[in-house]
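Here are the chains, one letter per residue:
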12 protein chains.
Amino acid sequence: MQVLVINGPNLNLLGERKPEIYGSLTLNEINKYVEDYFKNTKISFFQSNHEGEIIDKIHSASQKFVGIVLNAGAFTHYSYAIRDAIEAISIPVVEVHLSNVAKRENFRQESVIAPVCGGSISGFGKYGYVLAIRAIVHRNSSRG
Amino acid sequence: MQVLVINGPNLNLLGERKPEIYGSLTLNEINKYVEDYFKNTKISFFQSNHEGEIIDKIHSASQKFVGIVLNAGAFTHYSYAIRDAIEAISIPVVEVHLSNVAKRENFRQESVIAPVCGGSISGFGKYGYVLAIRAIVHRNSSRG
Amino acid sequence: MQVLVINGPNLNLLGERKPEIYGSLTLNEINKYVEDYFKNTKISFFQSNHEGEIIDKIHSASQKFVGIVLNAGAFTHYSYAIRDAIEAISIPVVEVHLSNVAKRENFRQESVIAPVCGGSISGFGKYGYVLAIRAIVHRNSSRG
Amino acid sequence: MQVLVINGPNLNLLGERKPEIYGSLTLNEINKYVEDYFKNTKISFFQSNHEGEIIDKIHSASQKFVGIVLNAGAFTHYSYAIRDAIEAISIPVVEVHLSNVAKRENFRQESVIAPVCGGSISGFGKYGYVLAIRAIVHRNSSRG
Amino acid sequence: MQVLVINGPNLNLLGERKPEIYGSLTLNEINKYVEDYFKNTKISFFQSNHEGEIIDKIHSASQKFVGIVLNAGAFTHYSYAIRDAIEAISIPVVEVHLSNVAKRENFRQESVIAPVCGGSISGFGKYGYVLAIRAIVHRNSSRG
Amino acid sequence: MQVLVINGPNLNLLGERKPEIYGSLTLNEINKYVEDYFKNTKISFFQSNHEGEIIDKIHSASQKFVGIVLNAGAFTHYSYAIRDAIEAISIPVVEVHLSNVAKRENFRQESVIAPVCGGSISGFGKYGYVLAIRAIVHRNSSRG
Amino acid sequence: MQVLVINGPNLNLLGERKPEIYGSLTLNEINKYVEDYFKNTKISFFQSNHEGEIIDKIHSASQKFVGIVLNAGAFTHYSYAIRDAIEAISIPVVEVHLSNVAKRENFRQESVIAPVCGGSISGFGKYGYVLAIRAIVHRNSSRG
Amino acid sequence: MQVLVINGPNLNLLGERKPEIYGSLTLNEINKYVEDYFKNTKISFFQSNHEGEIIDKIHSASQKFVGIVLNAGAFTHYSYAIRDAIEAISIPVVEVHLSNVAKRENFRQESVIAPVCGGSISGFGKYGYVLAIRAIVHRNSSRG
Amino acid sequence: MQVLVINGPNLNLLGERKPEIYGSLTLNEINKYVEDYFKNTKISFFQSNHEGEIIDKIHSASQKFVGIVLNAGAFTHYSYAIRDAIEAISIPVVEVHLSNVAKRENFRQESVIAPVCGGSISGFGKYGYVLAIRAIVHRNSSRG
Amino acid sequence: MQVLVINGPNLNLLGERKPEIYGSLTLNEINKYVEDYFKNTKISFFQSNHEGEIIDKIHSASQKFVGIVLNAGAFTHYSYAIRDAIEAISIPVVEVHLSNVAKRENFRQESVIAPVCGGSISGFGKYGYVLAIRAIVHRNSSRG
Amino acid sequence: MQVLVINGPNLNLLGERKPEIYGSLTLNEINKYVEDYFKNTKISFFQSNHEGEIIDKIHSASQKFVGIVLNAGAFTHYSYAIRDAIEAISIPVVEVHLSNVAKRENFRQESVIAPVCGGSISGFGKYGYVLAIRAIVHRNSSRG
Amino acid sequence: MQVLVINGPNLNLLGERKPEIYGSLTLNEINKYVEDYFKNTKISFFQSNHEGEIIDKIHSASQKFVGIVLNAGAFTHYSYAIRDAIEAISIPVVEVHLSNVAKRENFRQESVIAPVCGGSISGFGKYGYVLAIRAIVHRNSSRG
């Protein structure tokens, strides 16, 4: 059972950018932290600042993975193209945000991808990725 | 370590109301399901259709519990009084919704309590309560 | 055949409050007036200023009554919790307003419960309750 | 005592158009059904797809009828000219809709004529016309 | 030199409708009053409750008249078809309203025809027609 | 196989009105141009400035034609009555505009009839009618 | 009988500013033109770029003049203080604009003073002042 | 002479909740502080987190008190039911807020009860209750 | 201890303007009434219809007065320049309105200066100035 | 004569994604279908999920093609960068959508590229590409 | 070559007001700083809290100066009268703001004068005046 | 000291695209023009039509440059991802636009990146780049 974790624009700067909001770990450290939580689930990580690459990745994920954890960064708020990509595939996508976006700027209050995701988790920092993977694993097990 | 789970208006009808959205288990069955997941955490359950009772409960929870899991039902969308109650206490509150509210009616798109919650989880059905309790337990452990 | 008539907040003040809009009869006098119209239909009356009590009443009405006539007063305009309660039960609810709300303040122009009611009647004063009960009786007869 | 029932645009297609919403009876069948309900009240029926003809009819109704039942169809939502016509005459006009418009498209949520009508009834199908005529007859009797 | 005065829907009821706003003269009396003001200008009058007839009239006016005075009544607020008709002809159209529409209901605050008229006059009662005709005559003289 | 082309208000002025936008051909010349394109398809033409006549025409077209090409002119932007008429019949209606309305005034940006049409074509001048008829013929052939 | 004509900000630049909209006459030339129209009416002229001076002038006008013609320039769109001044006095104020403001920028579409003026005239250039004075004289005569 | 002071939801937590905004006194201490200010006026205090109880209290206050000082807490922003209760009684209600709500979150900018209150006082901390009672006493004296 | 009372545009007309709203006393009479209330506090009064003069006055008040009571009249609703002036000085400013502005026109519902004032009082007529001065005196005493 | 057909994000998934809306043919099959329609026109096809690649393609198309048919997918609704690219070149661009977007989600109702396209065609499925190419060919012929 | 620098309301308080935003220099010190930058350009400075004086100054500047640098302070956000003044003269006006207004309150996000200025500079503190004067000098030189 | 100038989508077409707005120089010519202005500052230039490449460039610029001049083209209006990139780095970014965007289409009125830039300059054509670099150099010098 494999799960794909996609991180969107500027998440490669984790640890440098606004540590009071996003914490002081780098993306690699967070990925390591998440990986260590799961023994029976293989997790692949992908990060890109390019909307098109994220769309391509979502398209190709359908065969290989049982689900996608997606932190789309700022694309969350305007990329209807990513939304369409999520809607076009058949495996579940879980939306994750490190911070509680409801506490932040107005433009972060709207997620254009949430309506096509299976569920949404925000505000739990790096532990949010763990919860999201659990949700996918759980769903897969209940069905299997 | 104790966690309080509060369910708001109409959640006492679970199992009868819109099973295609909310599932066919009753609230008691869901509570049992959630309880069984946790060995070392004691979980208390409270349900009310009265906004005032939920506020009173939140006020009194502060001393006894390490966190609250709150599915405020329709109060999510207009009860600024519950929002103020959450903001007034010092233990974390995690917002949970059974369904992915982003897929539903317009009025369900706005949560007036989300900005004062520690985090938010929606779309995972009864398993969402499990995830929310885990998040509280995890946070409590990291701090202890 | 029994019908339940629920009156919401401040309707207990009928006869005192704004008689130029709501008329000079008390709620009891109106209930009596309505009761006298129907010989074969038993009518129960309930009034409360508490949103939670109205929700509880709607939940419990389902077994005993063939339909509910609901004048939700000011709750009409913001109680999504009552809306969910109506949507959760299987007997029809008819919305009634004494005055023609379309002629009044802006905030009275939106009914958050109308979309889940079977029908809506406004502007006919106390006679509106009679019409609403007739509609429920008629519907019940056509089906029986 | 005579009452005029005016049906607006596209209601001549009743029975053909969206039977799941409007029912399977033709307008003539509905008119017959309504007529049969009343022994002591003479009812005249008028239908037009032309806004101007409806305005002319409303103007001329003032002398002959004690009230008008108006299902203005789609004109409900934009014909301020019909609104002005209703406001200009002295007999009461009762707004009727077959379906519960609150459940339908956004544009059907606003009635520009409701604020100048005596009352409004929606969601009861053909029986709504019966209720509306009753309301006019009742009002006329209380005054006479 | 001929000027055409067009009155739109419900203006045939002048004298009956809301005399506190529109005055107590009938449309014929107003037309007579206006006619008497002008010796050298022939004035034609037209009234209709039908949007289509007003459009037809505007189209045909172009050859015969030097200008049109238009009180479009409620069509002022939504008839983009009349707007297009005005824009399509080459003689000037002056918008007139009996009352000061800025003092009245919200929906009367927007004129969809004003942007294509030569000018606009409101609030002067029947004398407004006199001013509007003067404006057309004056414009015609300055050019001639 | 017959197709009906309906032109709405002010299109009878084609050739005179704003030739820089609508071109210099008259409506008759355009109709002739369109007719010449099709050998095996009989095309009927109808123009009216009266909303009611267009509705009547749409109603009656259902039996005789395989589809309707509709340039509703300014009615496009507010005639919910025409919208309902289109929705009520079973043959396809294709919306056509001579100009690219997206380039013009704000009020022309919304088509209230587009959601009930089979398709929409704008910006190709008189050739747009040819494309629209082709679309209807094509659809009819694919089904036949 | 005396009438006061008040011109607001930037109207002292008439003749220089945007002659394609406002014409090529200076304010003095326009005043002279207006004055020449009236034999029996004395007209006083006042111009200021200072909102406070216009308010002071309106206050003091009440005793001396039978009415005010006011072209408030850009103050038309935001000076609620001038609006209150107009509302506070008892002589009629007629709003005048040289251009047809309905054809211009969005911000010029709202007049905050129109609801408290007796009437409004726009789009007739300098002749608009003549019409406005006529309206005041006419009103004064009808009352006298 | 008796005055009733009603405090709404979460005000029972004063002293604990956001002391930088609401100060460090408990509600009892504030009540004592207020009471001490007045020798000849008896003051009753009531607090509830239940909207329905506040409505009931307002209804019953009418006979016993000369006025009500109301800090409705978060209900200020959405309880049209409390608004109707205030409007239904004949003694004056003065709205009080501890903080200057104009400086705070957007949702606190609208008071749905202000339009039916006699007056409003905000931003003066506990002293605001003193000012509000003074206003009621003063009003009562001027009338007596 | 000195307090400055500033009255904005049109308040010099008090007693004449809308006495049903503002009362029948002149501004001088109100000032006298206010002055008589305070023995140990010297009160200076300033009125202007000029926004710039009010700004200048606010700037210079800082050295001489312990606080400002400001009834900014219509400037309340749009003068961001006065807002900036209030924000720029260090003594407290209390906003006062004679009438309950929440009951009046829409444009009076927004105060652009409230967010930078220390507090706000409205609806108590001339007694509102007394309350406002008390609030300033009280604040000054608590600090001194 | 060459025409370029550009398909935007997610259109590479045609045949898999929402076949009830987009049909069951793959993009290659549609391209083949379109190609077969035209004998004298060479058609090039390009698809990308990357906004930047589409912009680059549009820039370079100007020399080689007589026109572009563009189905920009979800970019239609927010890519002002593609809009600017279209506006910057001199060959015509025709906007195509497979489905009738007016029937779908709100966010699909606005096309930010439509105002700079030559024309727009939607709702005809794969045949829409044929119509769009015809429009370009026709336009090119009329000019040649 | 002379340039005029106009500073609007409250800028006379520079150095005192919000030094964390506007810096600690007084307006005179800033003017001196700016003056010292330019050897061949004579710079005049003007400050006023009166909108009318700023308009008068703009009108008279046209003959003497080659351009105006304008920091209109809060007038930036509502003075359409200053906007009209800028539009009425022929020399270029450059808008300057000390702070980056895009980071501040909502009401500071709209500049009603920007659309009629030659250019806009914000966020560079006192150095912004230097840049603005350079832009005017540069423009003048390129033309000369 | 090095400064990076980034130009966004479609700016590679400068000289061809809308020369009446953007001028007739190519991007290379503008870059040369800018470079020639500065002797002691090395300037690097980067242009891309790909949002992701611009984000990558901003990320990597942090080590090498003292500041970035950014003309984000159409990305200015919707790329929250670029906004986050700017916010994530520590060197200042100055926003530049060739044209005065305040004069252009509505969608160009909002800059989503302005709130995180150090300052903003628009309307000065190619000279705007010179001013922006000066601002960065000046800031760097004041700090050094």
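Residues numbered from 1 in each chain as written. Chains lettered and ligands numbered in written order. Predicted model: local features only at pLDDT ≥ 70, side-chain atom pairs only at ≥ 80, totals over all residues. Heavy atoms only, no water.

## Concerning the relation of the copies chain B and chain A
Look at the two chain copies: a rotation about an axis and a shift along it is all it takes to match them.
Step number 1: Turning chain B through 180° and shifting it by 0.0 Å along the axis lays it on chain A, with an RMSD of 0.0 Å. Within this description, the copies of the chain are treated as partners about a two-fold rotation axis. Residues of chain B ranked by C-alpha distance from the rotation axis are headed by Ile121(B), positioned 2.3 Å from it.
Step number 2: Comparing interface residues between copies, 100% of those in chain B also lie at the interface in chain A; the contact surface is shared. (Least-squares fit on C-alpha atoms with pLDDT ≥ 70 in both. Contact = heavy atoms within 4.5 Å.)

## Considering the arrangement of the chains
Step number 1: Chain A shows no contact with chain D. Their nearest C-alpha atoms sit 20 Å apart.
Step number 2: There is no contact between chain C and chain L; across them, the least C-alpha separation is 30 Å.

## Section: the sheet that holds strand 5 (residues 119-122) of chain I
Step number 1: Strand order in the open sheet formed by ten strands is 2(H)-1(H)-3(H)-4(H)-5(H)-5(I)-4(I)-3(I)-1(I)-2(I), and the pairing between neighbours is mixed. In the strand order of this sheet, the two ends are held by strand 2 (42-47) of chain H together with strand 2 (42-47) of chain I, each with one partner. Going across the sheet, the axis of each strand differs from the next one's by a mean of 20°, ignoring polarity.
Step number 2: Summarising the sheet, strand 3 (residues 67-71) of chain H and strand 4 (residues 93-97) of chain H pair through three bridges and their orientation is parallel. The partner of Ile68(H) across the bridge, within strand 4 of chain H, is Val93(H).
Step number 3: Across the sheet, helix 2 (residues 27-37) of chain H touches strand 1 (2-7) and strand 2 of chain H, and the angle it forms with strand 2 of chain H is around 165°. (Pairing = 2+ DSSP bridges. Helix = DSSP H or I, 4+ residues; strand = E, 2+ residues; numbered from the N terminus. Axes fitted to C-alpha atoms, helices over the stretch in contact; angles between N-to-C directions.)

## Quick word on the interface of chain B and chain A
Put simply, an interface is often sized by how much accessible area is lost when its parts join up.
Step number 1: Listed by partner, the interface residues are 21 residues for chain B and 21 residues for chain A.
Step number 2: Summed over both partners, the interface of chain B with chain A buries about 1700 Å², with 60% contributed by carbon and sulfur atoms.
Step number 3: Per-residue buried area on chain B facing chain A is highest for Phe124(B), Tyr127(B) and His138(B); these three make up 27% of the total on that side.
Step number 4: Counting the contacts that link chain B with chain A gives zero salt bridges.
Step number 5: At the surface where chain B touches chain A, the tally comes to ten residue pairs in polar contact (both at pLDDT 80 or more).
Step number 6: Of all elements in the fold, only helix 2 (27-37), strand 5 (119-122) and helix 5 (127-143) of chain B reach the threshold of two or more residues within the side of chain B that touches chain A. (Buried area = accessible area lost by both parts, 1.4 Å probe. Salt bridge = Lys/Arg side-chain N within 4 Å of Asp/Glu carboxyl O. Polar contact = N/O pair within 3.5 Å; in protein donor to acceptor, adjacent residues only side chain to side chain.)

## Some points on helix 3 (residues 51-64) of chain A
Step number 1: Between its first and last C-alpha atoms helix 3 of chain A spans 21 Å; for 14 residues at 1.5 Å apiece the expected length is 20 Å, and the two agree.
Step number 2: Every buried residue belonging to helix 3 of chain A is among Glu51(A), Gly52(A), Ile54(A), Ile55(A), Ile58(A), His59(A) and Ala61(A), and all of these are buried.
Step number 3: Turning to helix 3 of chain A, the residues buried within the fold contact strand 1 (2-7), strand 2 (42-47), strand 3 (67-71) and helix 4 (80-88) of chain A, helix 3 (51-64) of chain J together with helix 3 (51-64) of chain L. (Expected span 1.5 Å × (residues − 1). Buried < 20%, exposed > 50% of the residue type's maximum accessible area, 1.4 Å probe, protein only.)

## So, the packing of helix 3 of chain L against helix 4 (residues 80-88) of chain L
To describe two helices that pack against each other, one gives the angle between their axes and the distance between the axes.
Residues and elements named next belong to chain L.
Step number 1: At a minimum axis separation of 9 Å, helix 3 and helix 4 run at an interaxial angle of 5°. On the basis of the axis angle, helix 3 is roughly parallel to helix 4. Contacts from Glu-51, Ile-54, Ile-55, Ile-58 and His-59 of helix 3 reach helix 4 at Ala-81, Ile-82, Ala-85 and Ile-86. (Parallel < 35°, antiparallel > 145°, perpendicular 65-115°, else oblique.)

## Quick word on the relation of the copies chain I and chain G
Step number 1: Screw-axis analysis of chain I against chain G gives a translation of 0.0 Å along the axis, an RMSD of 0.0 Å, and a rotation angle of 120°. Overall, the copies show the geometry of a three-fold rotation axis.
Step number 2: Looking at the interface residues of chain I, only 13% of them are also at the interface in chain G, so each copy uses its own face.

## A closer look at the interface of chain I and chain G
Step number 1: Facing 15 residues of chain I, the contacting portion of chain G comprises 15 residues.
Step number 2: Both faces considered, chain I and chain G share a buried interface measuring about 1400 Å² in area, 54% of it formed by carbon and sulfur atoms.
Step number 3: Inspection of the region where chain I meets chain G yields two salt bridges.
Step number 4: Counting the contacts that link chain I with chain G gives nine residue pairs in polar contact (both at pLDDT 80 or more).
Step number 5: Looking at the side of chain I that touches chain G, its residues break down into six nonpolar, four polar and five charged. (Nonpolar A, V, L, I, M, F, W, Y, C, P; charged D, E, K, R; others polar.)

## Topic: the packing of aromatic side chains
Step number 1: Summed over the entire model, instances satisfying the criterion amount to 84 aromatic pairs over all chains.
Step number 2: Between the aromatic rings of Tyr80(D) and Phe107(E), the centroid separation amounts to 4.0 Å while the plane-to-plane angle is 10°, which identifies the pairing as stacked. With Tyr80(D) in helix 4 (residues 80-88) and Phe107(E) in the loop between strand 4 (93-97) and strand 5 (119-122), the pair connects residues from two separate chains.
Step number 3: Exposure remark for Phe107(E): the relative accessible area of 14% places this residue in the buried category.
Step number 4: Ring geometry for Phe75(K) versus Tyr78(K): centroids 5.9 Å apart, planes at 75°, classification edge-to-face. (Phe/Tyr/Trp six-rings, centres within 6.5 Å; stacked < 30°, edge-to-face > 60°.)

## Some points on the confidence of the model for chain A
Step number 1: Across chain A, the average pLDDT comes to 94, with 99% of residues at 70 or higher.
Step number 2: Model confidence for the complex: the whole-complex pTM is 0.96, and ipTM, which rates the interface, is 0.94. (pLDDT = per-residue confidence, 0-100.)

## What to know about the sheet that holds strand 1 (residues 2-7) of chain J
Step number 1: If you trace the ten strands from one edge of the open sheet to the other, you get 2(F)-1(F)-3(F)-4(F)-5(F)-5(J)-4(J)-3(J)-1(J)-2(J), paired in mixed fashion. Pairing within the sheet leaves two strands with one partner each, and these edge strands are strand 2 (42-47) of chain F together with strand 2 (42-47) of chain J. Strand-to-strand twist of the sheet, defined as the mean angle between neighbouring strand axes without regard to direction, takes the value 20°.
Step number 2: Across five bridges, strand 1 (residues 2-7) of chain F lies against strand 3 (residues 67-71) of chain F in parallel orientation. When the sheet's bridge partners are listed, Val3(F) is paired in strand 3 of chain F with Gly67(F).
Step number 3: In this fold helix 2 (residues 27-37) of chain J packs onto strand 1 and strand 2 of chain J, with an angle of close to 165° to the strand it touches most, strand 2 of chain J.
Step number 4: Sheet contacts for helix 3 of chain J: strand 1, strand 2 and strand 3 (67-71) of chain J; angle to strand 1 of chain J, the most-contacted strand, approximately 175°.

## Some remarks on a negative patch on the surface
Step number 1: A cluster of acidic residues, Glu53(A), Asp56(A), Glu53(J), Asp56(J), Glu53(L) and Asp56(L), forms a negative patch at the surface.
Step number 2: Contributions of two or more residues to the negative patch are made by helix 3 of chain A, helix 3 of chain J together with helix 3 of chain L.
Step number 3: Tracing the backbone through its elements, the reader meets Asp56(A) in helix 3.
Step number 4: Residue Asp56(A) is classed as partly exposed on the basis of its relative accessible area of 32%. (Patch = residues over 30% accessible without salt bridge, like charges linked within 9 Å, V, L, I, M, F, W, Y side chains within 5 Å. Areas by Shrake-Rupley, 256 points an atom, 1.4 Å probe, with all protein chains shown as cover. Lys, Arg positive; Asp, Glu negative; His and termini not counted. Charge placed at Lys NZ, Arg CZ, Asp CG, Glu CD.)

## Overview of the pattern of salt bridges
Step number 1: Summed over all chains, the structure comprises 60 salt bridges over all chains.
Step number 2: Arg108(H) is the salt-bridge partner of Glu105(H), the closest N and O atoms lying 2.8 Å from each other.
Step number 3: A relative accessible area of 22% means that Glu105(H) is categorised as partly exposed.
Step number 4: When its relative accessible area of 4% is taken as the criterion, Arg108(H) is described as buried.
Step number 5: Residues Asp84(I) and Arg108(K) are paired through a salt bridge, measuring 3.0 Å at the closest nitrogen-oxygen approach. Of the two residues, Asp84(I) is situated in helix 4 (residues 80-88) and Arg108(K) in the loop between strand 4 (93-97) and strand 5 (119-122); the pairing between them involves two chains.
Step number 6: What makes Asp84(I) buried here is its relative accessible area of 2%.
Step number 7: One continuous salt-bridge network, built from bridges that share partners, spans Asp84(A), Glu87(A), Arg104(J), Glu105(J) and Arg108(J).

## What to know about the environment of Ala132(L)
Residue and element names in this part refer to chain L.
Step number 1: Mapped onto the elements of the fold, Ala-132 is located in helix 5 (residues 127-143).
Step number 2: Judged by its relative accessible area of 0%, Ala-132 is buried.
Step number 3: In this structure, the C-alpha to C-alpha distance between Ala-132 and Leu-70, residues 62 residues apart in sequence, is 9.1 Å.

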